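Residues per chain, in single letters:
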Amino acid sequence: MRDRPPRPPMDPMRAGGPVAAAKKALRARLIAGRAEFSPAGREAAGDAIRAVLLDTPEIAAAASVAAYVSIGAEPPTAPLLDALRERHVEVLLPVLRADNDLDWARYDGTLVSGRHGLLEPARERQGTEAIGTVDVVLVPALAVDRAGRRLGRGGGSYDRALARLAPAAWTVALLYDGELLDDVPAEKHDHPVDAAAAPAGIVRF
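In this text, all values refer to a predicted model and were calculated from it rather than measured experimentally.

**Describing the layout of surface pockets**
When its volume is computed, the largest pocket comes out at roughly 770 Å³. Lining the largest pocket we find 32 residues, and of these Pro 140, Arg 153, Gly 155, Ser 157 and Tyr 158 sit closest to its centre. Those elements that provide at least two residues to the lining of the largest pocket are α1 (17-35), β2 (90-96), β5 (119-121), β8 (150-151) and α5 (157-162). Here the lining of the largest pocket is composed, by residue class, of 14 nonpolar, 8 polar and 10 charged.

**Brief notes about the nonpolar core**
In terms of nonpolar packing, the biggest core is built from 45 residues, with Leu 53, Val 65, Trp 104 and Leu 138 touching the most fellow members. When near neighbours in sequence (up to four residues on either side) are disregarded, Leu 53 contacts Ile 59, Leu 80, Leu 138, Val 172, Leu 174, Ala 197 and Ile 202. In this structure, Leu 30, Leu 142, Ala 143 and Leu 181 belong to the second largest nonpolar core, which totals 7 residues.

**Observations regarding the packing of aromatic side chains**
Aromatic ring pairs are reported here in terms of the distance separating the ring centres and the angle at which the planes meet. For the coordinates displayed, the defined rule picks out 2 aromatic pairs. Taking 4.5 Å as the distance between ring centres and 70 degrees as the angle between the ring planes, the aromatic pair formed by Phe 37 and Tyr 176 counts as edge-to-face. Taken together, the positions of Phe 37 in the loop between α1 and α2 (39-54) and Tyr 176 in the loop between β9 (170-174) and β10 (180-181) put the pair 139 residues apart, joining distant regions of the chain. On the basis of relative accessibility, which here comes to 4%, the residue Tyr 176 falls in the buried class. Aromatic side chains Trp 104 and Tyr 158 sit 6.5 Å apart centroid to centroid with 85 degrees between the ring planes, which places their arrangement in the edge-to-face category. Residue Trp 104 is found in strand β3 (residues 102-106), and its partner Tyr 158 is found in helix α5; the two are separated by 54 residues along the sequence. We note that Trp 104, like Tyr 158, is buried.

Conventions we followed
- Per-chain numbering applies: the sequence of each chain, read as written, is numbered from 1 onward.
- Reporting in this predicted model follows two pLDDT cut-offs: at least 70 for local features of residues, and 80 or more for side-chain atom pairs to be given and counted; totals over whole chains, interfaces and linings ignore these cut-offs and use all residues.
- Excluded from the side-chain calculation are hydrogens and water; included are all heavy atoms of the structure.
- Residues are said to line a cavity or pocket when one of their atoms sits within 4 Å of a point; the points come from a 1 Å grid over protein atoms alone, cavities being sets where a 1.4 Å probe fits but cannot get out and pockets being open sets with protein on both sides within 12 Å along at least five of seven lines.
- Grid points are joined across faces, edges and corners, and a volume is the space filled by probe spheres set on the points.
- Going along the chain from the N terminus, every DSSP run of H or I of four or more residues is numbered as a helix, and every run of E of two or more is numbered as a strand.
- Under the grouping applied here, Gly and all other residues not named as nonpolar or charged are polar, the nonpolar ones being Ala, Val, Leu, Ile, Met, Phe, Trp, Tyr, Cys and Pro and the charged ones Asp, Glu, Lys and Arg.
- Among buried residues, those of type Ala, Val, Leu, Ile, Met, Phe, Trp, Tyr and Cys that are joined through side-chain atoms within 4.5 Å constitute a nonpolar core.
- Buried residues are those whose accessible area, probed at 1.4 Å on protein chains only, stays under 20% of the maximum for their type, while exposed residues exceed 50% and partly exposed ones sit between those limits.
- Whether two residues are in contact is decided by their heavy atoms: any pair within 4.5 Å suffices.
- Working definition: rings of Phe, Tyr and Trp (its six-membered ring) pair if their centres are within 6.5 Å, and the pair is stacked with planes under 30 degrees apart, edge-to-face with planes over 60 apart, and tilted otherwise.

Interpretation note: all reported values are geometric properties and have no functional meaning in isolation.
Structural data, given as structure tokens:
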């Protein structure tokens, strides 16, 4: 896997209260937009994203991938998770802890109910540091900008997890078409991603 490229320093003017407010407003708009997608449209988007990602050299070379189980109006990930297992890739899925940090467990095709109605693997937990062993991380996002800055749902769980990655790990956010924006409000603790995958293809930063 290639080394992670250096990122431009974050503009300190982007941090603070106004940034949090801008995030909240953008988040609400994007969530409302996703709510308008039909189930068939979401399913088609998930299938297209699966095909896009399985065609990347990073996925082809990966022995282990940290992924997630989609919820609600997120691009569906179930077809991708099963495709990775069929390729004999080790798939780790997050387990949300009481402190909103992420533990990890191996996916064997079985999921059980977890905190806040999330689905998680039934296997033994491997600890918060397990994400530091993977080659690729699939990251949930509502939007990403052209500098790789990602807008999540605001819980901060993935920013904590991404801080534990190995330097060569490849991070890619899963989006619908139209969610790659020119600019996303970001703060110092926000971790950018290396790429975004949407039905239309991969964009690398």
